Amino acid sequence: MIPTDTPLDAVSTRCEFPQPARSTVRASWTAFRALLLRDLVVLRKTMGVFIPRTILQPFLLVFVFLYVFPKIGESVGGSGPAASEFAAILVAGVVGLSIMFQGIQAVALPMVQEFGYTKEIEDRVLAPLPIWLVAVGKVTAGAIQGLIAAVIVFPIAAVVHVQTIQINLTIHWPLLLTMLPLACVMCASLGLFFGTRFDPRQVPILFGVIILPMTFLGGTYYAWEALAPVKVFGWSWLQTVVLFNPLLYVTEGFRAALTETPHMPLYVIYPVMVGFSVLFLWFGIKGFRNRVLT
Amino acid sequence: MSPSGATVDQSGALARAETVICCEELTKRYPGDVLAVDRLDLAVFPGEVFGLLGPNGAGKTTTAGMLTTRVIPTSGKAIVAGIDVVAHPALAKQVIGVVPQTNTLDRALTVWENLYFHGRFFGLNAKEARTAADESLETFRLTERTKAPVMALSGGMAQRLMAARAILHRPSVLFLDEPTAGLDPQSRIALWEILDSLRDRGPTIFLSTHNMEEADSQCDRVAIMDHGRILALDTPAGLKESVGADTIVTVAATGDLQELAQVLEAKVEGATKAQRVGTTLQLHVKGAPGVLPQVVNAAEHAGFVLSDLSVAEPSLETVFISLTGKELRE
């Protein structure tokens, strides 16, 4: 899949035309950077939408769980050490959740539209780079947006709570600096995968049937370990089922990177996230090719 | 500019050595066993404006798609500017420009930005891309719309912008796929003027169209296509000569048109062919002035009542009809 410099025999010698001035590798690299630049310029132009869209959901989550509930005495909140631990779990979960939503909003939804109605991706598909690299460009831009989202959301999530709650956040830098890009790439790849497989009419299904259960069962509100007591015939079924949810590993990963609360072992989190990234990217690129080529 | 290859015959090694687009047995079969393009052989010469004329569904867009890397051929070979487009699509994309059938402008960007980023995609640096975008807007009379969102453009303006975009990176081959379909006559003429202005600058132009006037007036050579095959290929004048008539009489009448065809073929001086086309009859006549009275007399003598009668010179439409027995228009 890596573009190689085109061998000479690829160019038919019987024609005498101005040949491409640049090798495929050079042209692809330039075009790739220009695609990213285009996406970042569009992001800058739409900042007014990006910011509220990015912060509103996380803000509402922490506002309701860590401010309103404690004020009105709901049981999830309270104000003891248990509440503080819940707060730490939620903050990490909310950061993971906002990255996943960027994958959907920055990659999947625009792509669904472009394939469905506007066809405006055509010009980028005709740029002098391989199709798979156009898809990778989309994922890279989506990952950058996820990164920006995480950076905006984290301080908000960390400060919005009642005074009685102590959020004990401990930043494990090596974990955070590896988890952040990995989570962003995985979620943007997931976005590519969804974006190439849904048409505009199916977007409600995407949200209602796939994203909704993913967010509720993705470990945003609880640690995976805590699900053990949910059992049928002695089998912790929920704990098993949620293992198929990629978001779980993101939230668990951020729990490991930002808190001292219990989390899944890192030797599980990292390989699974890398595996999901490869899987989504592979099928995402395949889907992308199928959509732009006939 | 007269195409250097126009005098060269279409087959043979000499033509091959000078082709800028070269298809060999190019075939596209879509799922469901739909044969869109059927073993197409084609040679387009440098600098010429080459037209692919045919009705909707003839395989023109699929052919253009294969040559522009967007449609993967089922079999056969496609070489554009010396590059095998199937084996090396990314390399081929450096040297082609495409004006697509539908509006594919980037709606998240302004008019100017559409050009600027296109330039950047194709390797211009920031300064070069800025200059190219500015100049291009001027050339295409879009300067007033520089900062407008592309959604605010009229159909004709959007088409001009897409043409500007397609040639911004100075491609060796420019593909226009039904560029004036759905445009008002004024915008159509504006686009033809753009094509004219491009002739001197050098890109080979590959134009697919179902508009015979467009093919006739714009193209150095025209291939007539139907059902995925090329039926005839020549200069517009050559194609029209191939009909073997200088006058085409179209007759609408009551009664059996087949019978009327026989009558007219026999009785009208210089009649070479009479063919039923839809609800009318077309009579080809060569070297016979004053043909109309003869047609009227012959028809009435045989008991037919004519309801309409018109005379025209052969057009590419005539060529298409005489090749396929049906009209070009859908």
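One can find the structure itself at the top, above this paragraph.
Now for a look at the structure at hand. Computed from a predicted model, the values in this text were never measured in an experiment.

Here the focus is the overall build of chain A. When helices and strands are tallied, chain A shows 10 helices and 0 strands. Each helix (α) and strand (β) of chain A, taken in turn from the N terminus, gives the series α-α-α-α-α-α-α-α-α-α. Along the longest, intermediate and shortest principal axes, the C-alpha atoms of chain A span 80 × 45 × 40 Å. In chain A, buried positions account for 53% of the 294 residues.

Listed per partner, the contact involves 44 residues of chain B and 41 residues of chain A. Both sides together, the interface formed by chain B and chain A hides about 3600 Å², and carbon and sulfur atoms give 58% of it. In this structure, the connection of chain B to chain A is made through 5 salt bridges. The salt bridge involving R70 of chain B is made with E122 of chain A; its shortest N-O contact spans 2.7 Å. Across the chain B-chain A interface, the total number found is 15 residue pairs in polar contact (both at pLDDT 80 or more). Elements with a minimum of two residues in the side of chain B that touches chain A: α1 (13–17), β1 (21–30), β5 (83–84), α3 (89–93) and α4 (111–121) of chain B. Across the side of chain B that touches chain A, the residue classes break down as 20 nonpolar, 12 polar and 12 charged.

What follows is about the pairing of strand β2 (residues 34–44) of chain B. All names here are of chain B. The pairing of β1 with β2 spans 7 bridges and is classified as antiparallel. In the strand pairing of β2, R29 is matched with L35. In this antiparallel pair of consecutive strands, β1 and β2, the connection spans 3 residues, and G32 shows a positive phi of 90 degrees.

All right, on to a nonpolar patch on the surface then. Residues L56, F59, L60, F63, V64 and Y67 of chain A make up a contiguous nonpolar surface patch of about 470 Å² in total accessible area. As for its position among the elements, V64 of chain A is in helix α2 (residues 47–72).

Residues and elements named next belong to chain A. Between helix α5 (residues 131–159) and helix α6 (residues 173–197), the shortest axis-to-axis distance is 8 Å and the interhelical angle comes to 130 degrees. Between α5 and α6, the interaxial angle falls into the category oblique. Considering how the two elements wind past one another, α5 and α6 form a crossing that is right-handed. Contacts from A135, V139, G142, A143, G146, L147 and A150 of α5 reach α6 at L180, C184, V185, A188, S189 and L192. When grouped by side-chain class, the residues that make up the contact of α5 with α6 number 10 nonpolar, 3 polar and no charged.

So, on to unusual backbone geometry. What you tend to see is this: most non-glycine residues have negative phi, and most peptide bonds are trans. Phi is positive for F233 of chain A, which is not a glycine, with a value near 50 degrees. Relative to the helices and strands, F233 of chain A is located in the loop between α7 (203–216) and α8 (237–241). A relative accessible area of 88% means that F233 of chain A is categorised as exposed. A positive phi angle, close to 50 degrees, is found at R170 of chain B, a residue other than glycine. Residue position: R170 of chain B is located in the loop between α6 (155–168) and β7 (173–177). With a relative accessible area of 68%, R170 of chain B lands in the exposed category.

Another point: the nonpolar core. Core analysis: the biggest nonpolar cluster contains 144 residues, and L66, F194, F254, M273 and F288 of chain A together with L161 of chain B have the highest contact counts within it. Considering every element that reaches this core, the biggest residue donor is helix α3 (residues 81–118) of chain A, with 20 residues. If near-sequence neighbours (up to four positions away) are discounted, M273 of chain A is found in contact with M179, L182, A183, M186, Y249 and V250 of chain A. Within the second largest apolar cluster, 33 residues are counted, among which are A78, V85, F206 and M225 of chain B.

Turning to the sheet that holds strand β12 (residues 271–277) of chain B, a few remarks are in order. All names here are of chain B. Ordered in space as β12-β13-β11-β14, the 4 strands form an open sheet in which the pairing is antiparallel. Of all the strands in the sheet, just β12 and β14 (306–312) have a single pairing partner and so form its edges. Neighbour-to-neighbour, the strand axes of the sheet open up by a mean angle of 20 degrees, direction not taken into account. Here strand β11 (residues 247–253) pairs with β14 via 6 bridges, running antiparallel. Residue pairing for β14: V251 is matched across the bridge by L309.

Reading the values: the criteria
Once a new chain begins, its residue numbering starts again from 1 and follows that chain's sequence as written. A letter from A marks each chain and a number from 1 marks each ligand, given out in the order of writing. Since the coordinates come from a predicted model, pLDDT governs what is reported: local features require at least 70, and pairs of side-chain atoms require 80 or more to be given and counted, while whole-chain, interface and lining totals use all residues. Hydrogens are left out, water is left out, and the side-chain values use all remaining heavy atoms of the structure. Helix and strand assignments follow DSSP, with helices taken as H or I runs no shorter than four residues and strands as E runs no shorter than two, numbered in order from the N terminus. Only protein chains enter the accessibility calculation, which uses a 1.4 Å probe; a residue whose area is less than 20% of its type maximum is buried, one above 50% is exposed, and one in between is partly exposed. Note on contacts: a residue pair is in contact if any heavy atoms of the two residues lie within 4.5 Å. Buried area: the accessible surface (1.4 Å probe) lost by two parts on joining, summed over both. Should a side-chain nitrogen of Lys or Arg be within 4 Å of a carboxyl oxygen of Asp or Glu, the pair is scored as a salt bridge. Polar contact is the term for a pair of N or O atoms within 3.5 Å; when the atoms are in protein, one must be able to donate a hydrogen and the other to accept it, and sequence-neighboring residues count only if both atoms are side-chain atoms. Just so you know the grouping, Ala, Val, Leu, Ile, Met, Phe, Trp, Tyr, Cys and Pro go in nonpolar, Asp, Glu, Lys and Arg go in charged, and all remaining residues, Gly too, go in polar. Pairing between two strands is assigned when DSSP locates at least 2 bridges connecting them. Grouping into patches uses exposed residues only, defined as over 30% relative accessible area, and leaves out salt-bridged ones; the cut-off is 9 Å for like charges and 5 Å for nonpolar side chains (Val, Leu, Ile, Met, Phe, Trp, Tyr). The Shrake-Rupley method, run with a 1.4 Å probe sphere, supplies the accessible areas, and residue values consider only the shown protein chains as cover. Interaxial angles span 0 to 180 degrees and are taken between N-to-C directions of axes, which are lines fitted to C-alpha atoms, for helices over the stretch in contact. In these notes the angle categories are as follows: under 35 degrees is roughly parallel, over 145 is roughly antiparallel, 65 to 115 is roughly perpendicular, and the rest is oblique. Handedness of a crossing is defined here by the sense of rotation of the near helix relative to the far one, left-handed for an anticlockwise turn of less than a right angle and right-handed for a clockwise turn. Throughout this description, the term nonpolar core refers to a set of buried Ala, Val, Leu, Ile, Met, Phe, Trp, Tyr and Cys residues connected via side-chain atoms within 4.5 Å.

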